[in-house]
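For reference, the chains in residue letters:
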Amino acid sequence: MTNLQAKAKMKEYLKAHFIKYREDIDNGVSRYSILFEGYDFCPDKVLEACIWFYSDFMECRVYYDCNASKWCRESEHRGELMRLLNYCNANVWISTEDGMNGTLYHPNYLYTPRFYITEDGAFDITMTSIIPLDLYEMAPLETEDYFTAACPELLNRLSAPIFYVLLGRINAEQGILMIKKEIFGESEPV
């Protein structure tokens, strides 16, 4: 699959699912910028995303909005947040599911997201995946669902621990316990 084919296929999917997007060029690379609305636990109930279409892969980023970036830029607790994001990088894996009890495809772990704060001065709290175009060609629906459903839903579920830590309401250890409970269903030791 070429990057032009991947771009056309993703555009078709976004239009079919009424997902708002904008197309442009960023540093010479074709990009879609996307707005996901209705995520109740996220700042302003939105998430933003971008997909860059390189020659052999897509770079897919999902991140919180500009208010979250402002909080991150101004926070004195970024070190604690980095500890929490490090925990996520080591332990949080996304299983993509079709939402139809496996009738379209079986749940799987195809992608390895990375959680970080961008280094470009924007202070975006971001989840990024690199997806080879060959993988997109072999698993198009899984890839599209991963980027437009699984990633935003995970960031929505991680919002409370991330922003409680960032705003100094809890420390990283307490944030990790929240993730263990809310994401993995673990109960606290007695």
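Throughout what follows, the structure given in this document is the object of discussion. (Residues numbered from 1 in each chain as written. Predicted model: local features only at pLDDT ≥ 70, side-chain atom pairs only at ≥ 80, totals over all residues. Heavy atoms only, no water.)

## Examining the sheet that holds strand 5 (residues 114–117)
Inference 1: With antiparallel pairing, six strands are arranged side by side in an open sheet as 1-2-3-4-6-5. Two strands close off the open sheet at either side, each with one partner strand: strand 1 (20–26) and strand 5. Strand-to-strand twist of the sheet, defined as the mean angle between neighbouring strand axes without regard to direction, takes the value 25 degrees.
Inference 2: In the sheet, strand 5 pairs with strand 6 (residues 125–132) via four bridges, with the strands oriented antiparallel. Bridge assignment links Phe115 to a residue of strand 6, and that residue is Met127.
Inference 3: Packing of helix 1 (residues 3–16) onto the sheet brings it into contact with strand 1, strand 2 (29–37), strand 3 (46–53) and strand 4 (57–64), and relative to strand 2 it is tilted by some 20 degrees.
Inference 4: The strands touched by helix 2 (residues 66–74) within the sheet are strand 3, strand 4, strand 5 and strand 6, with strand 4 carrying the most contacts at an inclination of about 75 degrees. (Pairing = 2+ DSSP bridges. Helix = DSSP H or I, 4+ residues; strand = E, 2+ residues; numbered from the N terminus. Axes fitted to C-alpha atoms, helices over the stretch in contact; angles between N-to-C directions. Contact = heavy atoms within 4.5 Å.)

## Some remarks on the pattern of salt bridges
Inference 1: Counted by the stated rule, this structure contains nine salt bridges.
Inference 2: Residue Glu37 is joined to Lys20 by a salt bridge in which the shortest nitrogen-to-oxygen separation is 3.0 Å. Of this pair, Glu37 sits in strand 2 while Lys20 sits in strand 1; the two residues are 17 residues apart in sequence, bridging distant segments of the chain.
Inference 3: Asp26 is paired through a salt bridge with Arg31; the nearest N and O atoms lie 3.7 Å apart. (Salt bridge = Lys/Arg side-chain N within 4 Å of Asp/Glu carboxyl O.)

## Description of the pairing of strand 1
Inference 1: Here seven bridges tie strand 1 to strand 2, and the two strands are oriented antiparallel to one another. What sits directly across from Arg22, in strand 2, is Ser33.
Inference 2: The hairpin formed by strand 1 and strand 2 contains two residues between the paired strands, and Asn27 there has a positive phi angle of roughly 50 degrees.

## Notes on helix 2
Inference 1: Ala68, Ser69 and Cys72 are the residues of helix 2 that are buried. Down the axis of helix 2, the sector holding all buried residues measures 100 degrees, keeping them to one side. Exposed residues on helix 2 whose side chains face more than 90 degrees from its buried face are Cys66 and Glu74.
Inference 2: Residues of helix 2 that are buried in the fold lie against strand 4, helix 3 (78–91), strand 5, strand 6 and helix 5 (140–166).
Inference 3: A side-chain oxygen of the first residue of helix 2 lies 3.2 Å from the backbone nitrogen of Asn67; this N-cap is Asp65. (Buried < 20%, exposed > 50% of the residue type's maximum accessible area, 1.4 Å probe, protein only. Arc of directions from axis to C-beta. Polar contact = N/O pair within 3.5 Å; in protein donor to acceptor, adjacent residues only side chain to side chain.)

## Topic: helix 3
Inference 1: The first and last C-alpha atoms of helix 3 sit 20 Å apart over 14 residues, in line with the 20 Å expected at 1.5 Å per residue.
Inference 2: What helix 3 keeps buried is the set Leu81, Leu84, Leu85, Tyr87, Cys88 and Asn89.
Inference 3: Buried positions along helix 3 lie against helix 2, strand 5, strand 6, helix 5 and helix 6 (172–182). (Expected span 1.5 Å × (residues − 1).)

## Looking at the nonpolar core
Inference 1: Grouped together as the largest cluster of nonpolar side chains are 51 residues, with contacts concentrated most on Met58, Tyr64, Leu81, Phe115, Ile125, Leu158 and Ile162.
Inference 2: The biggest single contributor to this core is helix 5, with eleven residues.
Inference 3: For Ile162, the residues in contact, after removing those within four places along its chain, are Tyr64, Leu81, Leu84, Leu85 and Ile125. (Core = buried A, V, L, I, M, F, W, Y, C linked by side-chain atoms within 4.5 Å.)

## Digging into the packing of helix 1 against helix 5
Two quantities define a packed helix pair, namely the angle between the axes and the distance from one axis to the other.
Inference 1: At a closest axis distance of 11 Å, the pairing of helix 1 and helix 5 adopts a crossing angle of 60 degrees. Between helix 1 and helix 5, the angle falls in the class oblique. Like other packed secondary-structure pairs, helix 1 and helix 5 cross with a definite hand, here right-handed. Only Pro140, Leu141, Glu144, Asp145 and Thr148 of helix 5 make contact with helix 1, whose side of the interface consists of Lys9, Met10, Tyr13 and Leu14.
Inference 2: Its residues assigned to classes, the contact of helix 1 with helix 5 comprises five nonpolar, one polar and three charged. (Parallel < 35°, antiparallel > 145°, perpendicular 65-115°, else oblique. Left-handed = near helix turned anticlockwise from the far one by under 90°. Nonpolar A, V, L, I, M, F, W, Y, C, P; charged D, E, K, R; others polar.)

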